[in-house]
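As a plain string of letters, each chain reads:
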Amino acid sequence: MKRKLITLFIALGAVFSLYAQEDSLRVTRYVMRSTMAGVGHSNVFETYLSPLEYSGTEVRFMHESMRMTRMLGGNVSGQSLFQINASYNKNISQTAEMYAGLVNWSYALHYQFRMNDDKLKILVGPILDLNGGVVYNRRNSNNPVQAKAYGGLGASGMVIYKFHIARYPLTVRYQANLPLLGVMFSPEYGESYYEIFSLGNGGRNVLFTSLHNNPSLRQMVTLDFPIRNVVMRVGYVCDIQQAKVNNLKSHTYSHDFMIGFVRNLYLLRGKKRISMPLKVTPF
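This one's a predicted model, so the numbers in the text were calculated from it and none came from an experiment.

Thresholds applied
- Residues numbered from 1 in each chain as written.
- Predicted model: local features only at pLDDT ≥ 70, side-chain atom pairs only at ≥ 80, totals over all residues.
- Heavy atoms only, no water.
- Helix = DSSP H or I, 4+ residues; strand = E, 2+ residues; numbered from the N terminus.
- Polar contact = N/O pair within 3.5 Å; in protein donor to acceptor, adjacent residues only side chain to side chain.
- Contact = heavy atoms within 4.5 Å.
- Core = buried A, V, L, I, M, F, W, Y, C linked by side-chain atoms within 4.5 Å.
- Buried < 20%, exposed > 50% of the residue type's maximum accessible area, 1.4 Å probe, protein only.
- Salt bridge = Lys/Arg side-chain N within 4 Å of Asp/Glu carboxyl O.

Talk me through the side chain of N91; I want residue IDs and the actual numbers.
Counting through the fold element by element, N91 comes out in strand β3 (residues 76-91). Reaching out from N91, the side chain makes a polar contact with the backbone nitrogen of T95 at a distance of 2.9 Å. Once residues lying within four places of it in the same chain are set aside, the contact partners of N91 are L52, E53, Y54, A96 and R139.

Describe the nonpolar core, listing the residues and the values that go with them.
Within the largest apolar cluster, twelve residues are counted, these being V44, Y48, L49, Y54, A96, M98, A100, V135, F185, Y193, I196 and L248. If we skip the residues at most four places from it in the chain, F185 touches A147, A149, Y193, I196, F197 and N205. In this structure, M32, M158, I160 and V262 belong to the second largest nonpolar core, which totals seven residues.

Can you break down the pattern of salt bridges residue by residue, with the values?
Scanning the entire structure with this criterion turns up ten salt bridges. The closest approach of N and O atoms between D129 and R218, which form a salt bridge, is 3.3 Å. Of the two residues, D129 is situated in strand β5 (residues 120-137) and R218 in strand β9 (residues 217-227); the sequence distance between them amounts to 89 residues. Across the pair, R218 and D129 agree in class, each one buried. Within the structure, one salt-bridge network assembled from shared partners comprises E58, R60, D129, R218, D239 and D256.

Next up, the structure:
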């Protein structure tokens, strides 16, 4: 009799273990994806190209994907964020033009602190941030281009709050990403790219970065609201990128207003997808 009971308990334990694993796997298949595009103002400063600031119009595209993981008891979410921004700028006297473009990809792992029946979430964790782009000044002849290549590790935080106005559901989010340690490519002061890549006379062109020479911050505020069967998203991006390396100073200040849509999905095998219940959304 005892052997039968022990066998029964072992079988039940195995069943519950498999069910928990399957349930955890289900949760990790729920994903929030959003796509936004927007326009705003840009201020660009590159002493390698010009001693003047240039200001103008910027356009930005953003794609975000977020899902829960099985780390730390299923309380950690992963966020992938891909951005492209391009700007057309002029100096204060409107006599010269500068073009700038940057591609950014980041991946953050956030531990989720859930409060007030999941209406309020506070997320904190590390982030990997990679950037590549170019700044082009039409006035220059010898050195018209400055390449941008940098990345590293940082800290990311997010606050998500869900509420209602009457019976209308809304979700507001604030997020900030702060780079802490990384590397950056930069020519030295007065050094041309021809010297670096053709003559092989490059100096210290790959440098360590931290808050002392790369004090940057990316911030984002979004608001989600449903219109019929579509969840719309509007947002504001404040992107501050600054650096002081090799006796060169640079900054790009971006302020963009964004609009797009959100899809909450459950990923199945192949290409089939179904809608995500609100109670298990990672966002």
